[in-house]
Amino acid sequence: MARIIVVTSGKGGVGKTTTSAAFAAGLAKAGHKTVVIDFDVGLRNLDLVMGCERRVVYDFVNVINGDANLNQALIKDKRLDNLYILPASQTRDKEALTQEGVGRVLEELAESFEYIICDSPAGIERGALMAAYYADDAIIVANPEVSSVRDSDRIIGILGSKTRRAERNEEPVALKLLLTRYAPSRVQKGEMLSVDDICEILAIELLGVIPESKAVLAASNAGIPVILDTESDAGQAYEDAVARYLGEDRPHRFLSEKKGFFGRLFGS
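Residues numbered from 1 in each chain as written. Predicted model: local features only at pLDDT ≥ 70, side-chain atom pairs only at ≥ 80, totals over all residues. Heavy atoms only, no water.

1. So, the packing of helix 7 (residues 146-159) against helix 10 (residues 195-202)
Spelled out, the test is: Structural elements are reduced to axes, namely lines fitted to C-alpha atoms, with helices fitted over the stretch in contact, and the angle between N-to-C directions of any two is expressed from 0 to 180 degrees. Strands here mean DSSP runs of E at least two residues long; helices mean DSSP runs of H or I at least four residues long; both are numbered from the N terminus. The cut-offs work like this: below 35 degrees is roughly parallel, past 145 is roughly antiparallel, 65 to 115 is roughly perpendicular, and the gaps in between are oblique. Handedness of a helix crossing follows the sense of rotation of the near helix relative to the far helix, less than a right angle counterclockwise being left-handed and clockwise being right-handed. Contacts: residue pairs with any heavy atoms within 4.5 Å of one another.
Axis separation between helix 7 and helix 10 bottoms out at 10 Å; the angle between their running directions is 30°. As summarised for this structure, helix 7 and helix 10 are arranged roughly parallel, according to the angle between their axes. The handedness of the crossing between helix 7 and helix 10 comes out as right-handed. Along its contact with helix 7, which presents Val149, Ser152, Asp153 and Ile156, the element helix 10 presents Ile198, Ile201 and Leu202.

Structure (C-alpha cells):
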C-alpha cells in the first residue's frame, strides 16, 4: 500500500518544492518507487526544480479531466530509475482540482508506487487543502522565524481536522517538522528562533534541520534536487531527514556553527 506524504507550510517561500524534490529523490535513491505531484496549479515550479520542464506535455489537471492518462502525463526522472514527476497545469486555476478527481488519481498511483509526495501550495486555499486531504504523513516545512512558525501551527490544526483520516476517525496524519534555512550564528545573535524554541511551540517530531546554504539555490537553478549534491551541507541534511523518515536513527547535524581550523585548535 502506498504511503501518501504531503509537504506543506502556512507561509510561502520556505522551501516546500525544494523539500518535495529532495525527499522524493532521496526515497527513490533508497530504492523506493516514488512519484512527486505538483499541486500548485497555475504556477508550477516542481518541474523546474526537477529539471524536466521541457518534457511536460500533459499535466495533473489533464489526468483529472480525462484528457490524458497517467502513463501520458508522468515524467520519468533521468537520474533515478525509481522516480517520476506529475507536473501541475500552468493554464488552469485551482478550482480544477476536485476531491473526487484527486482521489481517483492517487488511487491509481497507489497501485504502482510505494510513496506519493504531494507538493502543496502555501497557505490554506483549495490547492493546499486538496494536497493534504488524502495524506498519511505530513512534512511541515518552516523557517526559524515567528511568522513561519505561527502559520505552521495553523496548518497543524487543519491537518488534524480537515483530512480524510480526521473525517473517518482514523489514526491522525503523522506530523513531522522540517526546519529550513537554519543559521546557528543568527540563532546565537537572537535573529532566529532556536530549534528547541520551535519544537516547544509546535510540539511535533523533528525530522530534520536544513542549514542555510547557497547549494540549495544553485541546485534549483540547475534543475537538480539538492539531495543529489552529496558534498553540500544541505544535501547531507536532506539525506539524513529521508533516512530518519525510513526509520534510521541519525543524530541531527548542522545545529551549531562550523568552526574553522583556528576555532577548532583553540576551542573558540
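2. Focus: the pattern of salt bridges
This is how it is decided: One speaks of a salt bridge when a side-chain nitrogen belonging to Lys or Arg is within 4 Å of a carboxyl oxygen belonging to Asp or Glu. In this scheme, a residue with accessible area under 20% of its type's maximum is buried, one over 50% is exposed, and one in between is partly exposed, where area comes from a 1.4 Å probe on protein chains only.
According to the stated counting rule, one finds 15 salt bridges in the structure shown. Residue Asp137 is joined to Arg3 by a salt bridge in which the shortest nitrogen-to-oxygen separation is 2.8 Å. Within this pair, whereas Asp137 is found in strand 6 (residues 137-142), its partner Arg3 is found in strand 1 (residues 3-8), the two being separated by 134 residues in sequence. We classify Asp137 as buried; its relative accessible area is 3%.

3. Considering the pairing of strand 1
What counts here: What makes two strands pair is DSSP finding at least two bridges between them.
Judged by how many residues are buried, strand 1 sits mostly within the fold: five of six residues are covered. In this structure, strand 1 lies alongside strand 5 (residues 115-119), joined through five bridges in parallel fashion. Paired with Val7 across the strands is Asp119, a residue of strand 5.

4. Side note on the packing of aromatic side chains
What counts is decided by this rule: Only centres within 6.5 Å qualify two rings of Phe, Tyr or Trp (six-membered ring in Trp) as a pair; their planes then separate them into stacked at under 30 degrees, edge-to-face at over 60, and tilted for everything else.
The full count for this structure, using the stated rule, is five aromatic pairs. Here Phe23 and Tyr245 contribute two aromatic rings whose centre-to-centre distance is 5.5 Å and whose plane-to-plane angle is 80°, an arrangement assigned as edge-to-face. A residue pair is termed long-range when its members are at least 10 positions apart, and Phe23 in helix 1 (residues 16-29) and Tyr245 in helix 12 (residues 233-245) qualify at 222 residues. Grouping residues by exposure puts Phe23 and Tyr245 together as buried. Considering the side-chain rings of Tyr115 and Tyr245, the 5.9 Å spacing of their centres and the 70° angle between planes classify their relative orientation as edge-to-face.

So yeah, pure geometry; function would need other evidence.
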